[in-house]
Each structure stands twice: as C-alpha cells, then as structure tokens.
Amino acid sequence: MEYTTLGSTGMEVSRLCLGCMSFGTPDWRDWVLDEEESQPIIERAINLGINFFDTANMYSTGESERIIGDALAGRREEMVVATKCYFQMDESNPHSGGLSRKAIEQELAASLDRLGMDTVDLYQIHRWDYETPIEETLRTLDDAVRRGQVRHLGASSMWARQFGKALHTSDSLGLDRFVTMQNHYNLLYREEEREMLPLCDREGIGVVPWSPLARGYLTRPHEEFLETTRGKYMNDGQFAERIDTYRANGGDEINDRVAELAAEKGITMAQIALAWLLHQEPVDAPIVGTTSVDHLE
C-alpha cells in the first residue's frame, strides 16, 4: 500500500479509501452486505494496508457506521475514519436532516455513538444546505472541533463557488475550515477539472473522489453493466440519469478504451480506471466501495 498526507491535515492515509456504503443491511439497498458478510472485507482491507474508511449516517440509516465502529474496535488510533451528515434520517423528524445547528449536533452525537468513538477524524457535510446560512453551519462545525468531537472538517458535492464561499467565510470569521472535498470525479465525469480541482489545489484541500469507478460502469464492458445486482438498481430514477450522463459524454467509447488497455496489460478495467485517477495531481485517495474480497484485492 502507498500512503499520502490528506490535504493539509498531517494525517497519513492509504491512497485507497474504503467506501463503506456497501456495508449495512440489504433492507436499505439490495446490493448492500450485512455485518457477517462485511467483516471479512474490512479485515482484508486492513491487512492490505488500508487505514482510511469513509461512511455516512445515512448509509443503511446508521448501520454502516455501527459495523465500521465494531470492526475497528481496539485499533482505533491506527485508523482514519470519516463520516457525513445532511440527508434526513427520519421522515417524521425534520430536524434529522440538513445542516442547522440542531441537526448537526444531534446527528454528530448519534454517529459517534454508533461508531463507538469519542472523536471522528473527518466530519463532512454530505451536500450544500440551501435552507441554512453557511455561517451557522460553519460555527456549529467549529464548535464540534473545539469540543473535541471532530478533528477535521470536510465537504462534499457542491459548486466551486459554494465551496469558495465556505472557505472565505471560515477565514473571515476565524473558524476551522474545510480541509477535504469529496466530489464526483472519474474517467467518465470530469466536470470537476473546470473549477473545483483548481480551487482545491490552490487552497491545499485534500481531494477524495467518490464513485471513482463510475458506479461500476468502468469495471466491465458496458454491454454487461446492467446484468449485475447493482447495475439493475442503477437503471432506475436519478441513478439511471447518472449513467445516461456518462454515456452522453462518450462513456461507451471510454469504456471500450479502458477494456482495450486492461486486456493489453493483463489487468482489470478497475485497475486502469483507478490508475488514471491516482495520477491526477490534486487527488489524494479515491473512495472505492466493494462487495467482495476478490474485488478488493
């Protein structure tokens, strides 16, 4: 395993981050693994040198956090754990989502409880909250850092102008600023190269892309994509729109080229796609999800 410093945090993380959305309960998504199935993958990841784990409160409505917490018990200090908040956790409780002070404080406490941790290494806002002033969100997050519940702050999936505003607001108010950006970036979706990545590079922000394998679209010939359990799930609603976006931007041709290179070099398509991403200068650690030890290896 290779390691790098995560942005300006000084924390050393593996160049691959294990995405934990796949761990939880199949009641939430058909392709999600339960705890018994998840544990061997997490153990093997640790044995292979991965020390960076990314989850969120909304993954299996908290079950992912609990599984990760249990798996890392007794070796917490060696690992870097990231989680997120924003999406509503309880449809009957409007304060279980968003980025108000009430929502963040309640959801952070619940996440720490499920993780079995007093402090989380990286706490990220999962999306931009258009209903809450960014000043309130940033002051609340800064308070969490000062209380010792959070070590570092991160953001995910927003416009560069919004991220720039958040960084400027933190600086002007003397608050802890975001040190990472978890954004959608892969061979089939390169919009982030226009504004977000240059901003992160200039500000010393660690970049931890999600969906580096395009929801599996870069791991097998495009003709076979919908044959998988997750592929069938991705063929519906907003996820189908994402696949359409990939295809509209030359996705099938890129998929063909990745397959050609993989065959030429005798490796997998996933390895080609990840190698490309790891060679992009601003990228620290792509977040890779998996549902089998074989794919992990």
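What this report covers is the structure whose coordinates are included nearby. This is a predicted model, so every value here is computed, not measured. (Residues numbered from 1 in each chain as written. Predicted model: local features only at pLDDT ≥ 70, side-chain atom pairs only at ≥ 80, totals over all residues. Heavy atoms only, no water.)

### Brief notes about helix 2 (residues 63-72)
- Within helix 2, seven of the 10 residues are buried, which leaves the element mostly enclosed by the surrounding structure.
- Buried within helix 2 are the following residues: Ser 64, Glu 65, Ile 67, Ile 68, Gly 69, Ala 71 and Leu 72.
- Where helix 2 terminates, the next one or two residues include Gly 74, which has phi positive at roughly 90°. (Buried < 20%, exposed > 50% of the residue type's maximum accessible area, 1.4 Å probe, protein only. Helix = DSSP H or I, 4+ residues; strand = E, 2+ residues; numbered from the N terminus.)

### Topic: the pattern of salt bridges
- Counted by the stated rule, this structure contains 20 salt bridges.
- Through salt bridges with shared partners, one network takes in Glu 35, Glu 63, Arg 66 and Asp 70. (Salt bridge = Lys/Arg side-chain N within 4 Å of Asp/Glu carboxyl O.)

### Focus on the sheet that holds strand 3 (residues 17-19)
- Ordered in space as 9-8-7-6-5-4-3-10, the eight strands form an open sheet in which the pairing is parallel. The sheet is open, and its two edges are formed by strand 9 (206-207) and strand 10 (287-288), each paired on a single side.
- When strand 3 meets strand 4 (residues 52-54), the two strands line up parallel, connected through two bridges. The partner of Leu 18 across the bridge, within strand 4, is Phe 53.
- Of the strands in this sheet, strand 5 (80-85), strand 6 (120-125) and strand 7 (150-156) are in contact with helix 3 (residues 101-115), which crosses strand 6 at around 140°. (Pairing = 2+ DSSP bridges. Contact = heavy atoms within 4.5 Å. Axes fitted to C-alpha atoms, helices over the stretch in contact; angles between N-to-C directions.)

### Observations concerning helix 1 (residues 35-47)
- Over its 13 residues, helix 1 runs 18 Å from end to end, which matches the ideal 18 Å to within 8%, given 1.5 Å per residue.
- Of all the positions in helix 1, only Ser 38, Gln 39, Ile 41, Ile 42, Ala 45 and Ile 46 are classed as buried.
- If you follow the buried residues of helix 1, they end up packed against strand 3, strand 4, helix 2 and helix 11 (293-296).
- The N-cap residue of helix 1 is Asp 34: its side-chain oxygen and the backbone nitrogen of Glu 36 are 3.2 Å apart.
- With its phi angle positive at about 105°, Gly 49 sits one or two positions after the end of helix 1. (Expected span 1.5 Å × (residues − 1). Polar contact = N/O pair within 3.5 Å; in protein donor to acceptor, adjacent residues only side chain to side chain.)

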